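Structure assessment
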Amino acid sequence: MDNEKALESIRNYKYERESGHSFGGSFFHEQEQNMKDKQFWKGAVAGAAAVILVGIVGVIGYNQILYGEQSVLADKNHIRKIRTLEKIVDLHYLEDSDDEKLAEGLYAGLLYGLDDPYSRYYTAEDYKEENTVTEGTYMGIGILMKKNPDGGIQVVTCYEGGPAKEAGVQDNDIIQAVDGTDVTGEDISEIADRIRNSKKDSVMLTIYRENTNETVEIPVAITDVELPCVFSEMLDKKTGYIRITEFKGVTFQQYQQKFEELKAEGMEKLIIDLRDNPGGLLDSVCEVLRWILPKGCIVYTEDKYGNREEEMCDGKHPLDMPLAVLVNEGSASASEIFAGAVQDYGIGTIVGTTTYGKGIVQAIYPLGDGSAVKLTVAKYFTPNGKNIHKVGIEPDVLVKKEMSKEEDNQLQEARRIISEK
């Protein structure tokens, strides 16, 4: 039975804990997307459910056994209303309806009913894309694109080490054609799909380069591309600077590499910039913190039943230099776990403005058909037991960003603080 298969897949789910989450870089984007989806969900739920529930009234008794007396699916009034909505759609909706999309709307609507911006339903395609973004790797050519107003797609950035940069593609190039097919009228998503779904090992890009007024053809390999999440530089002979944009599956390896490079250049003080970092994977931020904290608890979570789980640090790699951590109102979730742990252990100075305040954890439950459900399942607490949900982390040194200055006053304050140590 389909219901039994679904339950079995849930029992055997791959548990994926998150402290914050992104689609294309940020859980803020996901909230925005959820808001955009609300109209779809409302309409889809209204017309969707009966498509997959026709005849279910005859098996309400089975559903009551399977889901319990209080289940939505066990209530014949809900089933009757869904069937009525289906008939209304069939009789009066102007266009043809798509049964699969209506069914997906039903599933999405069930999660929408939780009124939780972080809980959602993923179609199989959405979940595949989500895994790609969360892990920080994907099949492609390693460029960030935007729509060019005059037609075509403009290359915003070629990722360091990516196949596009290696092939000679440059920032600001305009992509006019892919494998000889004109793409000037296509959306970014269509062009990305064209490249990603290519059955070849490479793609031929026809590129217009404005600074030379030339059109060139460049073959670019299609490979696994790692998204850069960590950036670094030496601010002076002794002060290293590391910016972490998000905690993805690849973040720790990138952090470790950048840290070792800065040490080799003579770093004796460190500034870690988490401003506008929306969060990411709990495992990822804990991996980074294990290269900073002394032995002890990094963070702990508690679910609705009071079950507590702790993430621990073995203390084998404590940071042995002055540390400042930059945060702002855009620092959320995993970034707050980072700042909270540093603050509680007193091993660094938190500089900037109060963080976003997301102190809850999500888990993803894959289903047997490739789709998945993400739910808010627990609260997290800093080592000293603080839950910062809707409160945020107060910085040790409050410094508001002065936008009128070219100089980064928050960064300069962090430099001043660690120079005194």
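We now turn to the structure provided with this report. Each chain has its residues counted from 1, following the order in which its sequence is written. The model is predicted, so local features are restricted to residues of pLDDT at least 70 and side-chain atom pairs to those at 80 or more, both for listing and for counting; the totals for chains, interfaces and linings are taken over all residues. Processing note: side-chain calculations cover all non-hydrogen atoms of the structure and skip hydrogens and water entirely.

It is worth spelling out the packing of helix α9 (residues 251-264) against helix α10 (residues 282-289) at this point. Axis angles are defined between N-to-C directions and span 0 to 180 degrees, where every axis is a line fitted to C-alpha atoms and, for a helix, only to the segment in contact. A run of H or I in DSSP counts as a helix once it spans at least four residues, and a run of E counts as a strand once it spans at least two, with each numbered from the N terminus. Running from amino to carboxyl end, α9 crosses α10 at an angle of 20°, the nearest separation of the two axes being 9 Å. Compared by their axis directions, α9 and α10 come out roughly parallel. α10 is crossed by α9, and the crossing has right-handed handedness. Taken together, the residues of α10 that come into contact with α9 (itself represented by Thr251, Phe252 and Tyr255) are Ser284, Glu287 and Val288. Here the nonpolar group is Ala, Val, Leu, Ile, Met, Phe, Trp, Tyr, Cys and Pro; Asp, Glu, Lys and Arg are the charged ones; every other residue, Gly included, is treated as polar. In the contact of α9 with α10, the residues fall into three nonpolar, two polar and one charged. Working definition: roughly parallel below 35 degrees, roughly antiparallel above 145 degrees, roughly perpendicular at 65 to 115 degrees, and oblique for all remaining angles. Left-handed describes a crossing whose near helix is turned anticlockwise from the far helix through less than a right angle; right-handed describes the clockwise counterpart. Should any heavy atoms of two residues lie within 4.5 Å, those residues are counted as being in contact.

Here we come to the sheet that holds strand β16 (residues 323-327). The strand order across the open sheet formed by six strands is β11-β12-β13-β16-β17-β20, and the pairing between neighbours is mixed. The open sheet is flanked by β11 (230-234) and β20 (397-398), the only strands paired with a single partner. Note: two strands are recorded as paired if DSSP finds a minimum of 2 bridges between them. The pairing of strand β13 (residues 269-273) with β16 spans four bridges and is parallel. Paired with Leu270 across the two strands is Leu323, which belongs to β16. Where helix α11 (residues 334-345) meets the sheet, it contacts β13, β16 and β17 (349-352), and its direction lies at approximately 145° from that of β16.

Below, the discussion takes up α11. Here a helix's expected span is defined as the number of its residues, less one, multiplied by 1.5 Å. The end-to-end C-alpha distance of α11 is 17 Å, a good match for the 16 Å that 12 residues give at a rise of 1.5 Å each. Of all 12 residues making up α11, 11 are buried, and the element is well covered by its neighbours. Taken as a whole, α11 has its buried residues at Ala334, Ser335, Glu336, Ile337, Phe338, Ala339, Gly340, Ala341, Val342, Gln343 and Asp344. Immediately beyond the C-terminal end of α11, within one or two residues, lies Gly346, with a positive phi of roughly 65°. Think of it in three bands: residues with accessible area under 20% of the maximum for their type are buried, residues over 50% are exposed, and the middle band is partly exposed, with areas taken using a 1.4 Å probe on protein chains only.

Position of Asp116 among the secondary structure elements: in the loop between α5 (99-112) and β2 (120-122). For the purpose of charge, His is not counted, nor are the chain termini; Lys and Arg are scored as positive and Asp and Glu as negative. Here, a salt bridge means any side-chain nitrogen of Lys or Arg that lies within 4 Å of a carboxyl oxygen of Asp or Glu. We note that Asp116 is buried and unpaired, the nearest opposite charge coming from Lys358 at a distance of 8.0 Å. Of the polar contacts made by the side chain of Asp116, one reaches the side chain of Thr376; its length is 2.6 Å. We define a polar contact as two N or O atoms separated by no more than 3.5 Å, with the added condition that, inside protein, one atom must be a possible hydrogen donor and the other a possible acceptor, whereas residues neighbouring each other in sequence contribute only through side-chain atom pairs.

Okay, the packing of aromatic side chains next. Aromatic ring pairs are reported here in terms of the distance separating the ring centres and the angle at which the planes meet. Two aromatic rings from Phe, Tyr or Trp, using only the six-membered ring of Trp, form a pair when their centres are within 6.5 Å; if the ring planes differ by under 30 degrees the pair is stacked, by over 60 it is edge-to-face, and anything between is tilted. Scanning the model with the defined rule gives seven aromatic pairs in all. A ring pair is formed by Tyr300 and Phe381, whose centres lie 5.0 Å apart and whose planes are at 10°; its orientation type is stacked. Here Tyr300, found in strand β14 (residues 296-303), pairs with Phe381, found in strand β19 (residues 372-381); they are 81 residues apart in sequence, far enough to count as distant. Counting every residue linked through ring pairs, the aromatic cluster contains Phe252, Tyr255, Phe259 and Trp291. Looking at Arg308, its charged tip hangs above the ring of Tyr300, at a distance of 3.6 Å from the centre. In this analysis the charged atom, NZ for Lys or CZ for Arg, is taken to sit over a ring once it is within 6 Å of the ring centre and within 35 degrees of the ring normal.

Before going further, it helps to examine a negative patch on the surface. Patch definition: residues above 30% relative accessible area lacking any salt bridge, with like charges linked at up to 9 Å and the nonpolar side chains Val, Leu, Ile, Met, Phe, Trp and Tyr linked at up to 5 Å. Calculation of accessible area relied on Shrake-Rupley with a 1.4 Å probe; when residues are assessed, cover is drawn exclusively from the protein chains displayed. For this purpose, a charge sits on NZ of Lys, CZ of Arg, CG of Asp or CD of Glu. Where like charges cluster on the molecular surface, the negative patch consists of Asp90, Asp98, Asp99 and Glu100. By secondary structure assignment, the location of Asp90 is in helix α4 (residues 76-92). Here Asp90 falls in the exposed class, since its relative accessible area comes to 54%.

The next subject is the nonpolar core. Ranked by size, the top nonpolar core spans 43 residues in total, and within it Tyr255, Leu270 and Phe338 carry the most contacts. If you tally residues by element for this core, the top one is α11, at six residues. Among buried residues, those of type Ala, Val, Leu, Ile, Met, Phe, Trp, Tyr and Cys that are joined through side-chain atoms within 4.5 Å constitute a nonpolar core. Counting residues in hydrophobic clusters, the runner-up holds 20 residues, among them Met145, Val169, Val178 and Ile218.

Structurally, the α-helix is built with 3.6 residues per turn, so residues lying three or four positions apart point the same way. Spanning 12 residues, helix α6 (residues 124-135) covers 17 Å between terminal C-alpha atoms, matching the ideal 16 Å at 1.5 Å per step. Turning to α6, its buried residues are Tyr127, Glu130, Val133 and Thr134. Projected down its long axis, α6 shows its buried positions confined to an angular sector of 125°, all on one face. Seen from the open side of α6, the exposed residues pointing more than 90 degrees away from its buried face are Glu125 and Lys128. Following α6 by one or two positions, Gly136 adopts a phi angle in the positive range, close to 90°. Relevant arc is that of directions from the helix axis to the C-beta atoms, nothing else.

Here we come to the environment of Gly348. With respect to the element layout, Gly348 can be found in the loop between α11 and β17. Residue classification places Gly348 among the buried residues on the basis of a relative accessible area of 13%. Between the C-alpha atom of Gly348 and that of Ile271, which follows or precedes it by 77 residues, the distance is 9.4 Å. With sequence-adjacent residues up to four places away left out, Gly348 is seen in contact with Leu323, Val342 and Asp396.

Every second residue of β17 is oriented toward a common face, with Thr349 and Val351 on one face and Ile350 and Gly352 on the other, all of them buried. Sheet topology places β16 next to β17; four bridges connect them, and they run parallel. When the sheet's bridge partners are listed, Val325 is paired in β17 with Ile350. Handedness of a crossover: with both strands directed away from the viewer, a clockwise path from the first strand across the helix to the second marks it as right-handed. Taking the sense of rotation as the criterion, the β-α-β connection linking β16, α11 and β17 turns out right-handed. Sheet topology note: the β17/β20 ladder contains two bridges and is parallel. Among the inter-strand pairings, Val351 is bridged to a residue of β20, identified as Val397.

When the charged atoms of two side chains with opposite charge come close together, those side chains can pair. Tallied over the full model, the rule gives 17 salt bridges. The shortest N-O distance in the salt bridge between Arg415 and Asp236 comes to 2.9 Å. Here Asp236 lies in the loop between β11 and β12 (239-244) and Arg415 lies in helix α12 (residues 409-419), a separation of 179 residues in the sequence. Arg415 sits in the partly exposed class, given a relative accessible area of 24%. Salt-bridge contacts for Asp408 lead to Arg275; the nearest nitrogen and oxygen are separated by 2.7 Å. Residue Asp408 is found in the loop between β20 and α12, and its partner Arg275 is found in the loop between β13 and α10; the two are separated by 133 residues along the sequence. The same class applies to Asp408 and to Arg275, which are both buried. Each member of the salt-bridge network shares a partner with another, and the members are Arg243, Asp273, Arg275, Lys401 and Asp408.

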